Amino acid sequence: MFVSPTVVGEAVIIGSCSGSLYSLDRTTGEPIWLYDTAGDGPRAQFHGEPLLLGDRMVVPTDSNPTGHVYAFDIASGKLLWKVPFNYGVGTTPLLIGDRIVVVSVEGDIAAMESKSGKIAWRVTPIGTLKPGLAIPSPAHAANRILAVDNTNQIVALDAANGTTVWRKTLSGRPNTSLLVTGNEVVVGTADGYLHSISVQSGDVTKRTKLDGIPYGSLIGLDERLLILVSSRTSKLLALDAASHVVRWQQETPKEWTTYRPLVTGSTVIVGSEEKNLCAFDRATGERRWCRPVGQVPRGLGISSDGTLYVGSLSGVVQAFRGETR
């Protein structure tokens, strides 16, 4: 499992690498419903996070030769619509107004009507990409969609019609999700840099060399930025969003394996390849606790009562109480 458990009411929803989407009772772990993507072709994988739309959810999948973007009724698991893409969609969808925007493995960017899945527009602004390296998840600001490819390009599109507004070449391959902070979009690249880019013009306003390769999802935290960096060790960094100065950092010997750290209250929680979960104070980085969980954590989710749900690399889902303090 690569995605985060999503808590909706009394259910925990999570997709597996074996091709099934599960809705589990969040108290007992018993299945409520499941959807097997094998009915639509080769079993797909779930790499993008689901998008919640009231009583519905939109879930992307990727597979060879075809993956789908699905919409389900959350309570029953009823399939409402599905839209195929060559090799599918491995990124998290965006909701812009009443449209859902996705970026496919091949580099197609499409806007779909949220109720029907009907495609309003579809473009390939950088050209068809060869499947292989993952494409980081996009972002949006005002009327612009910001997306990257798996080489070194970033583009801004008009959200209304998909027209390219600007296109820039970065110093390396984008290796993190995109994050909008104020009038800028931030992305980390595989050559070890963090870039701040003007949403309006595409000009790079700040470029900072990191001590390693940034990866995973960037998270905005007050006036700070959480970022994972891989070098001889793996680091969780809290940077000043404006200056990129490191305010605190925590390291693990191998890798922080939850590519999207969970921020809950005053705590940041991450999992490691050593099969540990660790919690740090979001302001100071001080360690609050670390505990073994017997699995390599991949995705983290939390319910309103503070129950922590952990999806693992081996496919096991665990629930822990009292772990978020």
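Preceding block: the structure.
Here the structure is a predicted model, which is why all the values come from computation and not from measurement.

Describing the packing of aromatic side chains
For the structure shown, the criterion picks out six aromatic pairs. Taken together through their ring pairs, the aromatic side chains of Trp 33, Tyr 35, Tyr 70 and Phe 72 make up a single cluster. The side chain of Arg 207 reaches across the aromatic face of Tyr 193, ending 3.6 Å from its centre.

Notes on the state of the cysteines
What the rule picks out here adds up to one disulfide. Through a disulfide, Cys 278 is tied to Cys 290; the S-S separation comes to 1.8 Å. Judged by the torsion about the S-S bond (105°), the Cys 278/Cys 290 disulfide is right-handed. With Cys 278 in strand E27 (residues 276-281) and Cys 290 in strand E28 (residues 287-292), the pair connects residues that are twelve residues apart, well separated along the chain. Residue Cys 290 is classed as partly exposed on the basis of its relative accessible area, which comes to 31%.

Some words on the pattern of salt bridges
The final tally for this structure, using the stated rule, is twelve salt bridges. Close ionic contact of Glu 10 with Arg 26 constitutes a salt bridge, the shortest N to O distance being 3.6 Å. Linking Glu 10 in the loop between strand E1 (6-8) and strand E2 (11-15) with Arg 26 in the loop between strand E3 (20-25) and strand E4 (31-36), this pair joins segments that are 16 residues apart in sequence. Ionic pairing is found between Lys 82 and Asp 40, a salt bridge with its closest N-O pair at 2.5 Å. Of this pair, Lys 82 sits in strand E8 (residues 79-88) while Asp 40 is found in the loop between E4 and strand E5 (51-53), placing the two residues 42 residues apart along the sequence. Taken together, the shared-partner salt bridges in this structure form one network comprising Glu 10, Arg 26, Asp 305 and Arg 321.

Cut-offs used in this document
Numbers given to residues run from 1 along each chain, matching the order in which its sequence is written. The predicted origin of the model limits local features to residues at a pLDDT of at least 70 and limits the giving and counting of side-chain atom pairs to 80 or more, whereas totals for whole chains, interfaces and linings rest on all residues. Only hydrogens and water are removed before side-chain values are computed, so all heavy atoms of the structure are retained for them. Note on aromatic pairs: the rings of Phe, Tyr and Trp (six-membered ring only in Trp) are paired at centre separations within 6.5 Å, and the planes decide the class, stacked below 30 degrees, edge-to-face beyond 60, tilted for the rest. Each ring is checked for a lysine NZ or an arginine CZ that lies within 6 Å of its centre and within 35 degrees of its normal; such an atom marks a charge sitting over the ring. Note on disulfides: each one is a pair of cysteine sulfur atoms within 2.5 Å. Helix and strand assignments come from DSSP, with helices taken as H or I runs of at least 4 residues and strands as E runs of at least 2, each series counted from the N terminus. Exposure categories follow from relative accessible area, calculated using a 1.4 Å probe and restricted to protein chains: below 20% of the type maximum is buried, above 50% is exposed, and the middle band is partly exposed. When a carboxyl oxygen of Asp or Glu is within 4 Å of a side-chain nitrogen of Lys or Arg, the pair counts as a salt bridge.

By themselves these figures say nothing about function.
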